[in-house]
Amino acid sequence: MIPLLVASALLFGYVGPLNGFWSTDQGVKLIQVQSLLLNKFSSSALIYPGAAIDQDDRVSLLRGQYYQHGGQTYAMFSDAFALISSVPFFFFGFAGLYLVPLVSLAALSLICTCIARPLLGPGGALLSALALTLTSPLLFYSVIFWEHLPATLLTTLALWQALEGYYRTERRQLVGAGIAIGAAAWLRNEAILAAPALIGAVLLTRRSQSSQTAAWIGIGAGAGVLPLLLYNQIVFGAVVGPHVLVAGAAQYRGVSDPLMMRLAWADLLLVPQGEPVLVGVVMAMAMVALITSIWRTQRVANVGFALTAVLAIVVAAIIQATSGGGLQTTLLMTFPAVLLCCFPVAPKERLDRVDTPLILTAFGLTLIALSWLALLPDGGAQWGPRMLLPAAPALTIAGFWRARSWLRRPAAGAAVAGVSAIVLFVAMLSQCAGLRQLRDFNTANQTLLTTVAQSGASAIITDTWYGPPLLAPIFYDERMISLVDDGADLDYLIERLSNAGFDTVYYLSGRRDEITSDARRWSELTPIGAPARLAHHRTGQLYQINTPPPSD
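What follows concerns the pattern of salt bridges. Applying the stated criterion across every chain, the model contains 15 salt bridges. Salt-bridge contacts for Arg-58 lead to Asp-489; the nearest nitrogen and oxygen are separated by 2.8 Å. On the criterion of sequence distance, the pair formed by Arg-58 in the loop between α2 (24-38) and β1 (66-69) and Asp-489 in helix α19 (residues 487-499) is long-range, its members being 431 residues apart. A relative accessible area of 35% places Arg-58 in the partly exposed class. Ionic pairing is found between Arg-172 and Glu-170, a salt bridge with its closest N-O pair at 3.2 Å. By sharing partners, the salt bridges in this structure join Lys-29, Glu-147, Arg-188 and Glu-190 into a single network.

Laid out in structure tokens, this is it:
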């Protein structure tokens, strides 16, 4: 309950207005939800409110993060997430949009406690779950209308059920684990990578039940994802679905050097390569972890522990010194607690579920490696690598277990407790910085929305693709929002608006001079009042439409 209370307090008391979104993604998802409700759940195709005037869809704003098929327009995002968000939105308004992420954070905390209890005991399990949910980017994404939290919840549920089924040789739990991963893919397509990551982690244990366990997980994953593939084929005409076709195509367009793109991906999402000292220290920690996992003597473990403790403090100091303003997108900068996975295991450490730490660590690292190989989209504006969130619970619990293994030794125990506290404190500061960014973005975008909404204009013109999604809360509020690409589009729109009896129009511009330079009918608009300077270098201006007299 603590993570839920903290996240709720942040959502309603700190991060800003509920209808001011972090990015365009949330706006498009709201359009999905509203269209689904207006269609009475009969279709996920989006309703274009300007169709009566713009029959040819020439200035339709449903461009960019959308997919066209069969004469219909669909959002590229998950229909399943829109479906489960539509009911709370219907009953609770904008507050309902955040119900699924909030509940997912609370449930994720409980599941992580269940996974960690056999390794860490009740107290350690609770501490690891609180550390994960309150000092990692999971907290950030719990107060955003996004599907990353429920997808991470399902992959973590799969991990828990796979571990339980592995030790109990229970087929139903193993198949259920696979189905949970398939269900996560309905929300985030890249979540399907959790299936090979989990299967590979189980096979690494090389136990007698490993192959059978992996097979049942695979069968469950296939059963879970097959309905999604059929749905995609029936609705969108392609089994991979619109998100892969739109976002994936944009990711790979113009790729000439896949290796350089993967290095850039690692720079954006794993460790910032612009900090060579930080990169060197992290590589040294990884090398120590590798050596201590191969040579498991007491002397090697002790030396490795001392080196890792010192290097972890150095990393924490560098992160704190270099994490200035701006977005932080890498895993290391936003959740340095994953470095606890680099600690060697204390000599003679014993536990009942001996394979669990290996499965957790292998799952997390394999999932990251597969995401890197698949070259998933880098995620754009984000706090921490949102595509890699499903790896965080496994790595956090494994890291806590490694650190806890040293607590029985007085000197080493004090050292590891101190290092863990430092790392978690730096991670918490990172989340505070991220939440400040979220508040600033939400406030700026809500100011833009309010300014446009209060203009009184029923027609709104934009000239950049990311403008319309920020106006999603008024998308179906008896207004016509249009997207123009050039002067010819603007002429076409002014003529249509004038013929339809519109007397004012609000122009939310980012490149007005470029658009209006060759627009013949621009002179028919007269500005009313002073322009407004808005977020993302947009300028807002209300205009009077002066219909020219008919020619003789």
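What follows is about the nonpolar core. Buried together is how nonpolar side chains tend to be arranged in soluble globular proteins. Judged by nonpolar contacts, the single largest core of 174 residues is most densely connected at Leu-159, Leu-198, Val-315, Leu-360, Phe-363, Leu-471 and Leu-497. When residues in this core are grouped by element, the largest group, 14 residues, is from helix α4 (residues 99-135). For Leu-497, the contacting residues outside a window of four places in its chain are Ile-53, Ala-459, Met-480, Phe-502, Val-505 and Ile-545.

Before going further, it helps to examine the layout of surface pockets. Put simply, the largest pocket is a space of about 1700 Å³. Lining the largest pocket are 45 residues, with Ala-289, Cys-341, Thr-361, Leu-365 and Arg-402 sitting closest to its centre. When residues of the lining of the largest pocket are assigned to their parent elements, the largest contribution, eight residues, is made by helix α12 (residues 276-294). Tallied by class, residues from the lining of the largest pocket come to 31 nonpolar, six polar and eight charged.

Angle between the axes and distance between the axes: these two values describe a pair of packed helices. Between helix α1 (residues 2-13) and α4, the least distance of the axes is 7 Å, while the angle of their chain directions is 145°. Helix-helix and strand crossings are classified by hand; for α1 and α4 the assignment is right-handed. For the pair formed by α1 and α4, the contact residues are Ile-2, Pro-3, Leu-4, Val-6, Ala-7, Ser-8 and Leu-11 on the first element and Leu-102, Leu-105, Ala-106, Ser-109, Leu-130, Thr-133 and Leu-134 on the second. Of the residues assigned to the contact of α1 with α4, the class counts are 11 nonpolar, three polar and no charged.

Scanning the model with the defined rule gives six cavities of 30 Å³ or more in all. For the largest cavity, the calculated volume is near 60 Å³. Looking at the largest cavity, the residues that line it are Pro-137, Leu-331, Phe-335, Val-338, Ile-368, Pro-385, Leu-388, Leu-389, Ala-391, Ala-392 and Leu-395. When the residues that make up the lining of the largest cavity are grouped by side-chain class, the tally is 11 nonpolar, no polar and no charged.

How each quantity is defined
- Residues numbered from 1 in each chain as written.
- Predicted model: local features only at pLDDT ≥ 70, side-chain atom pairs only at ≥ 80, totals over all residues.
- Heavy atoms only, no water.
- Salt bridge = Lys/Arg side-chain N within 4 Å of Asp/Glu carboxyl O.
- Helix = DSSP H or I, 4+ residues; strand = E, 2+ residues; numbered from the N terminus.
- Buried < 20%, exposed > 50% of the residue type's maximum accessible area, 1.4 Å probe, protein only.
- Core = buried A, V, L, I, M, F, W, Y, C linked by side-chain atoms within 4.5 Å.
- Contact = heavy atoms within 4.5 Å.
- 1 Å grid on protein atoms, 1.4 Å probe; cavity = no way out; pocket = protein on both sides within 12 Å on 5 of 7 lines; lining within 4 Å.
- Points joined across faces, edges and corners; volume = space filled by probe spheres on them.
- Nonpolar A, V, L, I, M, F, W, Y, C, P; charged D, E, K, R; others polar.
- Axes fitted to C-alpha atoms, helices over the stretch in contact; angles between N-to-C directions.
- Left-handed = near helix turned anticlockwise from the far one by under 90°.

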